[in-house]
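# Examination of the molecular architecture
Listed below, chain by chain, are the residues.
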Amino acid sequence: MQSRTPRVPQQPAPYRPDIEAELTAELASVVAGARRRALRDGDRQIDTAHLLHSVIESDPAVRAVFDGGPQVARVLGYLVQRSIGYGLRWQGVVEDSGALPVVGEVDVAGWSPGAAAAMRLALTRAAARGDRRAGGPDLLAALAADQGCRAVEVLVRAGVDTDALAGRLREDFRQV
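Residues numbered from 1 in each chain as written. Predicted model: local features only at pLDDT ≥ 70, side-chain atom pairs only at ≥ 80, totals over all residues. Heavy atoms only, no water.

### Focus: the packing of helix α2 (residues 48–58) against helix α6 (residues 136–145)
The contact between α2 and α6 brings their axes to 10 Å, and the two run at 145°. In terms of crossing hand, the pair formed by α2 and α6 is left-handed. Each of Thr48, Leu51, Leu52 and Val55 in α2 lies in contact with α6, whose residues at this interface are Gly136, Leu139, Leu140 and Leu143. Of the residues in the contact of α2 with α6, the class split is six nonpolar, two polar and no charged. (Axes fitted to C-alpha atoms, helices over the stretch in contact; angles between N-to-C directions. Helix = DSSP H or I, 4+ residues; strand = E, 2+ residues; numbered from the N terminus. Left-handed = near helix turned anticlockwise from the far one by under 90°. Contact = heavy atoms within 4.5 Å. Nonpolar A, V, L, I, M, F, W, Y, C, P; charged D, E, K, R; others polar.)

Set out below in structure tokens:
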């Protein structure tokens, strides 16, 4: 018996490299944490503030880049406030600072354009030192590079000198 429904040829899905496949196990865990945060906050996409929150909480190497414990505590304090007041204006609005140049395809389902661009930059940074997988410091450097993203807004409000932070991350990069 033949179906009466006409057969429509299916178009192949556009090729999008899975950026999550190129992450260290630790950074993949960071992304999973950011995804949980986005869902809990009622956000449709992982944004740079979700990534920042997760990478600071889970990676000691990232926390070591800051100016000590009090600075990390202030940043985490702002990030925690996101769901109870600070950052509520971000809900329902897609993050796209436009500050980072788009490298390749950044239309990644479930990721804001800013977060996808930051992850691509983290992967580029890892590749520049000869590593196939990006780690937490690579992601933090990429987040700090986008002066218009939500993560940098949080850092600045918490009193972090993002230029000094980026300088420390560049210095760490040279020592690898």
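### Observations concerning the nonpolar core
With 43 residues, the main nonpolar core has Leu51, Leu52, Phe66, Val75, Trp111 and Met119 as its most contacted residues. Only α1 (25–41), α2, α3 (60–65), α4 (69–81), α5 (113–128), α6, α7 (150–157) and α8 (162–175) provide two or more residues apiece to this core. For this core, the leading source of residues is α5, giving seven residues. Each residue touching Leu51, except ones within four places of it in the same chain, is listed here: Val30, Val31, Ala34, Ile46, Trp111, Ala115, Met119, Leu139 and Leu143. (Core = buried A, V, L, I, M, F, W, Y, C linked by side-chain atoms within 4.5 Å. Buried < 20%, exposed > 50% of the residue type's maximum accessible area, 1.4 Å probe, protein only.)

### Section: the pattern of salt bridges
One pass over the full model with this rule turns up seven salt bridges. Residue Arg150 is joined to Asp47 by a salt bridge in which the shortest nitrogen-to-oxygen separation is 2.7 Å. Of this pair, Arg150 sits in helix α7 while Asp47 sits in the loop between α1 and α2, and the two are 103 residues apart along the sequence. Owing to a relative accessible area of 2%, Asp47 belongs among the buried residues under this scheme. With a shortest N-O distance of 3.5 Å, Asp131 and Arg129 are connected by a salt bridge. Residue Arg129 is classed as partly exposed on the basis of its relative accessible area, which comes to 28%. Put simply, Arg125, Arg129, Asp131 and Asp138 are held in one network by salt bridges that share partners. (Salt bridge = Lys/Arg side-chain N within 4 Å of Asp/Glu carboxyl O.)

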